[in-house]
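A closer look at the structure
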Protein chains: 2
Amino acid sequence: MATPALTPSSTYNPGMDNALPAALAAELSALLGAEGWRTDEAARRDHGEDDSRQWAMPAAVAIPRDRNEVAAIVRVCRTQRVPIVARGAGTGTTGAAVPFEGGVVVSFARMNRILAIRPEDRCAVVEPGVRNGELQQALQAHGLFWPPDPSSFEHCTIGGNLATNAGGPRAVKYGATRDNVLGLVAVSGSGEILRCGGSWSKNATGYDLTHLLVGSEGTLGLIVEATLRLVPRPPLQAGLRAFYRDALTAAGAVARLMSRPQVPAMLEFMDARSIELLRRNGSEVPEAGAMLLVEADGDEETLPLALAALGDAAEGEGLIALDVAMDGLARDRLWAARRALSPALRSIAPGKINEDVVVPVSRMPELVAAMQALSARAGLPIVVFGHAGNGNLHVNILYHPDDAAETARAQAALPEVFAQVLALGGTLSGEHGIGVAKRDYMRHAFDPATLSAMRAVKAALDPDGILNPGKVLPPVD
Amino acid sequence: MATPALTPSSTYNPGMDNALPAALAAELSALLGAEGWRTDEAARRDHGEDDSRQWAMPAAVAIPRDRNEVAAIVRVCRTQRVPIVARGAGTGTTGAAVPFEGGVVVSFARMNRILAIRPEDRCAVVEPGVRNGELQQALQAHGLFWPPDPSSFEHCTIGGNLATNAGGPRAVKYGATRDNVLGLVAVSGSGEILRCGGSWSKNATGYDLTHLLVGSEGTLGLIVEATLRLVPRPPLQAGLRAFYRDALTAAGAVARLMSRPQVPAMLEFMDARSIELLRRNGSEVPEAGAMLLVEADGDEETLPLALAALGDAAEGEGLIALDVAMDGLARDRLWAARRALSPALRSIAPGKINEDVVVPVSRMPELVAAMQALSARAGLPIVVFGHAGNGNLHVNILYHPDDAAETARAQAALPEVFAQVLALGGTLSGEHGIGVAKRDYMRHAFDPATLSAMRAVKAALDPDGILNPGKVLPPVD
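So, here is what we can say about the structure in this document. (Residues numbered from 1 in each chain as written. Chains lettered and ligands numbered in written order. Predicted model: local features only at pLDDT ≥ 70, side-chain atom pairs only at ≥ 80, totals over all residues. Heavy atoms only, no water.)

Within chain A, the regular secondary structure consists of 15 helices and 18 strands. By the compact-globule yardstick of 23 Å for 477 residues, chain A fits well, its C-alpha radius of gyration being 23 Å. Taking the principal axes of the C-alpha coordinates as reference, chain A spans close to 70 × 55 × 40 Å. The buried share of chain A, reckoned over its 477 residues, is 61%. Contacts in chain A between residues far apart in sequence, at least 24 positions, make up 73% of those at least 6 positions apart. For chain A, the computed accessible surface area is about 16800 Å², with 51% contributed by carbon and sulfur atoms. Taking the 44 positively charged and 53 negatively charged side chains of chain A as two groups, their mean positions are separated by 2 Å. (Helix = DSSP H or I, 4+ residues; strand = E, 2+ residues; numbered from the N terminus. Rg over C-alpha atoms; globule rule 2.2 N^0.38 Å. Buried < 20%, exposed > 50% of the residue type's maximum accessible area, 1.4 Å probe, protein only. Contact = heavy atoms within 4.5 Å. Areas by Shrake-Rupley, 256 points an atom, 1.4 Å probe, with all protein chains shown as cover. Lys, Arg positive; Asp, Glu negative; His and termini not counted. Charge placed at Lys NZ, Arg CZ, Asp CG, Glu CD.)

Structure (structure tokens):
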């Protein structure tokens with residue numbers, strides 16, 4: 001079944017090397033000092049790209065030390081409508097942190113302190129430049145963790161996690177970033193410092209600016225402080241690996257697994273293509289149409305019960321094989337297959353378009369079938385895997401970037417991916433965000449009235465449109 | 001310790017009996033028909049009050065059948081800037097649904113269908129007029145529930161739950177309304193139909209209008225459809241009741257209970273005054289400085305473990321008595337004390353100001369002490385109880401409404417309650433919302449820049465300010 005392809009209808013303006021007005025540059029230089037204001041080419045080059053492998057040159061890099069400096073940068077830039085692009089570690093995959101319109105990149109590299117860990121209130125207060133992994137490390141002594149676990153956790157910053165509403169496998173039980181933020185301090189596009197939410201987990205006081213700012217990719221405000229919800233860390237984990245005849249029977253198992261009061265701590269899916277690829281690359285997995293990796297967490301008493309319940313739910317029509325791993329080593333072996341997948345993908349083709357689409361859980365088999373059909377039409381391998389419990393699947397289109405025809409076919413397949421996802425009642429992104437990569441598909445994901453409402457909200461918080469211009473929202477037709 | 005009292009600095013304009021422009025009334029009457037457009041005094045009177053016991057007369061009551069009628073009402077009203085107040089069951093306690101500026105009350109009594117229950121996607125799609133209890137009933141056959149459990153659940157509508165971000169005891173484990181909504185369809189103040197979110201549990205696609213609309217009390221949009229997150233229902237519940245020397249040692253127990261990976265399904269607090277009152281009214285509870293009611297949920301295997309873990313955590317400094325109730329009858333007995341509290345409150349004084357403030361969990365003992373001091377200063381009983389796991393406490397000021405001096409002292413005490421709460425790093429409301437009752441305290445809860453940002457968001461979605469005017473946000477100084 002072919003769905004009419006979506007067409008990107010605008011282009012952005014890459015790589016401008018615009019200079020700043022001299023007086024403005026002088027003012028910011030005086031304000032921020034030599035360590036906080038960099039205009040040398042090396043610094044600008046280092047702050048112009050992200051993991052989308054796109055790149056553009058900012059006019060300057062500001063590295064503020066505190067919220068007042070951030071507010072001053074915004075106020076000064078606003079006088080001349082100079083674009084401002086917030087930047088964490090640059091691990092984003094959508095071009096959201098790339099300064100396509102030049103201007104000032106604001107790096108949070110020096111606002112990287114954990115300000116407080118308050119176990120009794122189950123929250124931590126952090127600056128945006130703190131790395132995700134660094135916070136997790138600091139929380140271990142308290143028996144707590146912060147749920148968002150993107151695969152880049154060692155490098156990515158909490159500011160970046162907040163900007164993109166980052167997730168990971170744990171989101172199925174513990175939620176993504178938006179679900180784990182209690183309060184924010186942010187600088188709006190008019191240079192005002194906004195404070196919303198706080199160290200409490202229930203709030204019916206005024207408008208929820210906190211969750212609005214999360215996932216807005218630096219287009220509504222620059223987050224300068226976050227109060228994060230912490231969760232007690234279960235001491236033990238154990239896993240299951242189940243192989244099914246096809247995606248349909250695996251999706252049936254997902255529905256059974258998700259209908260138990262004991263929610264899996266992770267619930268990952270791989271399609272037939274992924275399994276085939278792993279087998280070809282020497283992983284010891286059986287021939288199968290789909291695989292689920294399921295994890296339970298708990299303590300010595302509860303974990304065996306949780307695992308048994310998940311095992312029961314995994315059994316059913318289409319099950320080919322079920323492995324259980326109670327201890328750490330066995331668990332590592334089960335997860336090795338998932339870890340082997342990325343290298344295996346590179347072994348067939350160096351180019352990869354990786355989209356993190358979302359569909360209702362019940363529609364996953366249709367998405368997998370549609371991607372197999374698209375693969376046949378495009379003459380390119382397409383591999384589907386991801387976070388089954390949330391219906392958040394990574395669709396990987398593989399191609400050789402030095403082959404112009406393959407590259408063109410890969411690019412042409414992408415709009416068809418989104419068209420299928422939307423036809424199945426899904427949406428464009430579950431954890432990576434929109435940036436520029438998916439911006440022009442927003443017109444298909446939302447009707448004009450809803451996009452207008454989003455634009456009005458943008459104008460409300462950033463009246464001159466200086467915060468990360470050209471990201472998230474498509475240009476007005 | 002006395003904190004300077006906050007002063008409400010404006011008044012609203014109650015009870016206007018303004019007439020609608022004749023042409024506008026005729027247009028809406030023709031559009032909605034006799035059953036959908038009521039201007040008789042009985043209907044207007046019936047739709048003018050809520051549980052705040054405030055009352056005002058709307059010019060008309062519209063009872064639309066679908067979203068297109070809602071959009072048409074808003075568009076027509078907008079032409080003449082006629083106020084529109086959305087109304088569910090009128091169980092709110094803050095005056096949010098009272099039409100103080102007259103205009104049109106939009107009742108969702110005829111938009112009361114459960115449109116879909118989709119167990120495999122763990123979601124339900126409902127119209128706003130569905131009653132909370134009715135949905136819970138319909139979900140039982142599927143082994144699912146929707147977490148929000150306000151005490152008015154039998155009467156209140158889901159639209160009202162969404163408008164106020166309603167909660168209840170279960171929120172400690174399962175979250176309040178905002179945490180359990182996946183998508184919304186809403187009509188903005190410009191009469192446009194907005195669609196945000198959907199049947200998926202992970203979303204990084206554009207701005208989060210869904211969670212912004214939740215808790216906005218009908219001031220940003222009229223919700224006409226909601227996709228709700230459902231949760232598998234654990235088959236069994238069991239409870240603990242623990243008495244402590246004082247609020248401080250009870251708060252220590254709360255911190256211990258909340259530091260376990262097995263989160264309590266409920267965790268309720270009562271202060272010394274509440275216990276004293278119960279004892280005076282014949283409840284069989286020991287003399288104590290604080291009480292915790294703790295509930296675990298699970299199945300036959302997991303529940304005893306969960307209960308034992310919570311029992312361990314409840315033990316510690318200051319514990320006076322600990323009762324465990326494994327079965328339904330014993331559990332009912334434990335909860336009887338909580339149920340007996342409201343009638344007991346009425347037995348000492350017929351008047352009650354009940355505020356649902358929130359403080360960080362660790363600051364609860366200070367709040368309780370401050371309320372005891374305030375009680376002594378005001379010469380009025382003040383009783384504190386509520387949802388300890390969220391730091392969401394109900395502060396009840398008791399007085400005789402026919403005693404002018406007592407009434408004045410009760411009113412004068414209220415600003416001091418909020419001042420204390422804010423001084424402890426808390427906020428005005430955890431589950432009731434702001435309405436008009438707490439509107440003028442918003443100036444103290446938020447700084448001017450943040451309030452301005454909220455006003456800008458309001459103007460973005462309701463450019464003419466016709467949606468529930470005068471609620472949530474204080475007038476501009």
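After that view, the rundown keeps rolling.
Bringing the relation of the copies chain A and chain B into the picture now. A rotation about an axis combined with a shift along that same axis relates the two copies of the chain. Least-squares fitting of chain A to chain B yields an RMSD of 0.0 Å, with the transformation described by 0.0 Å of translation along the axis and a rotation of 180°. Overall, the copies show the geometry of a two-fold rotation axis. (Least-squares fit on C-alpha atoms with pLDDT ≥ 70 in both.)

Glancing now at the nonpolar core. In a soluble, globular protein the nonpolar side chains are often hidden away together inside. With 172 residues, the main nonpolar core has Phe 269 and Leu 292 of chain A together with Phe 269 and Leu 292 of chain B as its most contacted residues. Contact partners of Leu 292 of chain B, with chain neighbours within four places excluded, come to Leu 240, Arg 241, Ala 242, Tyr 244, Ala 250, Ala 253, Val 254, Leu 257, Leu 267, Glu 268, Phe 269 and Ala 388 of chain B. (Core = buried A, V, L, I, M, F, W, Y, C linked by side-chain atoms within 4.5 Å.)

Attention shifts here to the interface of chain A and chain B. With 78 residues of chain A at the interface, the matching set in chain B holds 78 residues. Summed over both partners, the interface of chain A with chain B comes to about 6000 Å²; 62% of that surface belongs to carbon and sulfur atoms. Looking at the side of chain A facing chain B, the largest losses of area belong to Lys 202, Thr 205 and Tyr 207 of chain A, adding up to 16% of the total buried there. One can count six salt bridges joining chain A with chain B. (Buried area = accessible area lost by both parts, 1.4 Å probe. Salt bridge = Lys/Arg side-chain N within 4 Å of Asp/Glu carboxyl O.)

We now examine the pattern of salt bridges. Within this structure, the stated rule accounts for 52 salt bridges over all chains. The shortest N-O distance in the salt bridge between Lys 438 of chain A and Glu 355 of chain A comes to 3.2 Å. One end of the pair, Lys 438 of chain A, is in the loop between helix 13 (404-423) and helix 14 (442-445); the other, Glu 355 of chain A, is in strand 16 (residues 351-358), and 83 residues separate them in sequence. Its salt-bridge partner being Asp 464 of chain B, residue Arg 78 of chain B comes within 2.6 Å of it at the nearest N-O pair. With a gap of 386 residues between them, Arg 78 of chain B in helix 3 (residues 67-79) and Asp 464 of chain B in the segment after helix 15 (448-461) connect regions that are remote in the sequence. Where salt bridges share partners, they join Arg 78, Arg 81 and Asp 464 of chain A into one cluster.

By the secondary structure assignment, Glu 431 of chain B is in the loop between helix 13 (404-423) and helix 14 (442-445). Accessibility expressed as a relative area gives 8% for Glu 431 of chain B, which makes it buried. For Glu 431 of chain B, the side chain forms a polar contact with the side chain of His 394 of chain B, separated by 2.9 Å. With residues near it in sequence (within four places) discarded, Glu 431 of chain B still touches Lys 202 and Ala 204 of chain A together with Thr 164, Asn 165, Ala 166, Gly 167, Gly 168, Asp 356, His 387, Asn 392 and His 394 of chain B. (Polar contact = N/O pair within 3.5 Å; in protein donor to acceptor, adjacent residues only side chain to side chain.)

With that out of the way, let us pick up the environment of Met 371 of chain A. Residues and elements named next belong to chain A. By the element assignment, Met 371 lies in helix 12 (residues 364-378). Residues Met 371 and Ile 382 lie eleven residues apart in sequence; the distance between their C-alpha atoms is 6.7 Å. In contact with Met 371, not counting residues within four places along its chain, are Ile 382, Val 384, Val 395, Val 417 and Gln 420.

Before going further, it helps to examine the sheet that holds strand 1 (residues 37-38) of chain A. All names here are of chain A. What the four strands build is an open sheet, ordered 1-2-4-3; its pairing is mixed. Of all strands in the sheet, those bounded by a partner on one side alone are strand 1 and strand 3 (84-87). As paired strands, strand 3 and strand 4 (residues 104-107) are joined by four bridges and run parallel to one another. Looking at the pairing, Val 85 lines up with Val 105 of strand 4. Helix 3 (residues 67-79) rests against strand 2 (60-62), strand 3 and strand 4 of the sheet, and its axis sits at about 155° to strand 3. (Pairing = 2+ DSSP bridges. Axes fitted to C-alpha atoms, helices over the stretch in contact; angles between N-to-C directions.)

Right, let's talk about the packing of aromatic side chains for a bit. Residue and element names in this part refer to chain B. Considering all chains together, one arrives at four aromatic pairs over all chains under this definition. Relative to Tyr 174, the ring of Phe 145 has its centre 5.0 Å away and its plane inclined at 90°; by these criteria the two rings are edge-to-face. With a gap of 29 residues between them, Phe 145 in strand 7 (residues 144-145) and Tyr 174 in helix 6 (residues 171-174) connect regions that are remote in the sequence. Given the relative accessible area of 2%, Phe 145 is considered buried. On the numbers, 4.6 Å between centres and 40° between planes, the contact of Phe 418 with Tyr 441 is tilted. In this pair, Phe 418 sits in helix 13 while Tyr 441 sits in the loop between helix 13 and helix 14, placing the two residues 23 residues apart along the sequence. Residue class for Phe 418 comes out buried when judged on its relative accessible area of 0%. (Phe/Tyr/Trp six-rings, centres within 6.5 Å; stacked < 30°, edge-to-face > 60°.)

Moving on to the environment of Ser 274 of chain B. Residue and element names in this part refer to chain B. Looking at the secondary structure, you find Ser 274 in helix 9 (residues 272-280). Taking the relative accessible area as the measure of exposure, Ser 274 reaches 0% and is therefore buried. Spatially, the C-alpha atom of Ser 274 lies 9.0 Å from that of Ile 382, the residues being 108 residues apart in sequence. Setting aside chain neighbours within four positions, we find Ser 274 in contact with Leu 341, Val 383, Val 384 and Phe 385. At a separation of 2.7 Å, a polar atom in the side chain of Ser 274 contacts the side chain of Asp 271. Within the local environment of Ser 274, its side chain forms a polar contact with the backbone oxygen of Val 384, the two atoms lying 3.4 Å apart.

For the pair helix 15 (residues 448-461) of chain A and helix 15 of chain B, the least separation of the axes is 8 Å and the interaxial angle reads 150°. Compared by their axis directions, helix 15 of chain A and helix 15 of chain B come out roughly antiparallel. Handedness of the crossing formed by helix 15 of chain A with helix 15 of chain B: right-handed. Along the contact surface, helix 15 of chain A presents Ala 453, Ala 456, Val 457, Ala 460 and Leu 461 of chain A, while helix 15 of chain B presents Ala 453, Ala 456, Val 457, Ala 460 and Leu 461 of chain B. Class assignment of the residues belonging to the contact of helix 15 of chain A with helix 15 of chain B gives a composition of ten nonpolar, no polar and no charged. (Parallel < 35°, antiparallel > 145°, perpendicular 65-115°, else oblique. Left-handed = near helix turned anticlockwise from the far one by under 90°. Nonpolar A, V, L, I, M, F, W, Y, C, P; charged D, E, K, R; others polar.)

Another point: the side chain of Asn 165 of chain B. Along the chain, Asn 165 of chain B falls in the loop between helix 5 (158-164) and helix 6. Residues in contact with Asn 165 of chain B, not counting those within four places in the same chain, are Asn 203 and Ala 204 of chain A together with Ala 176, Thr 177, Arg 178, Val 214, Gly 215, Gly 430 and Glu 431 of chain B.

On to helix 12 of chain A. Its 15 residues give helix 12 of chain A an end-to-end C-alpha distance of 21 Å, which sits within 8% of 21 Å, the value for a rise of 1.5 Å per residue. Just downstream of helix 12 of chain A lies Gly 379 of chain A, where phi reads positive at about 65°. (Expected span 1.5 Å × (residues − 1).)

The subject of this paragraph is the packing of helix 9 (residues 272-280) of chain A against helix 11 (residues 328-348) of chain A. Residue and element names in this part refer to chain A. Their axes nearest at 9 Å, the elements helix 9 and helix 11 cross at an angle of 85°. Relative to helix 11, the element helix 9 lies roughly perpendicular. For the pair helix 9 and helix 11, contact is made by Ser 274, Leu 277, Leu 278 and Arg 280 and by Ala 337, Ala 340, Leu 341, Ala 344, Leu 345 and Ile 348, respectively. Residues that form the contact of helix 9 with helix 11 fall into these classes: eight nonpolar, one polar and one charged.

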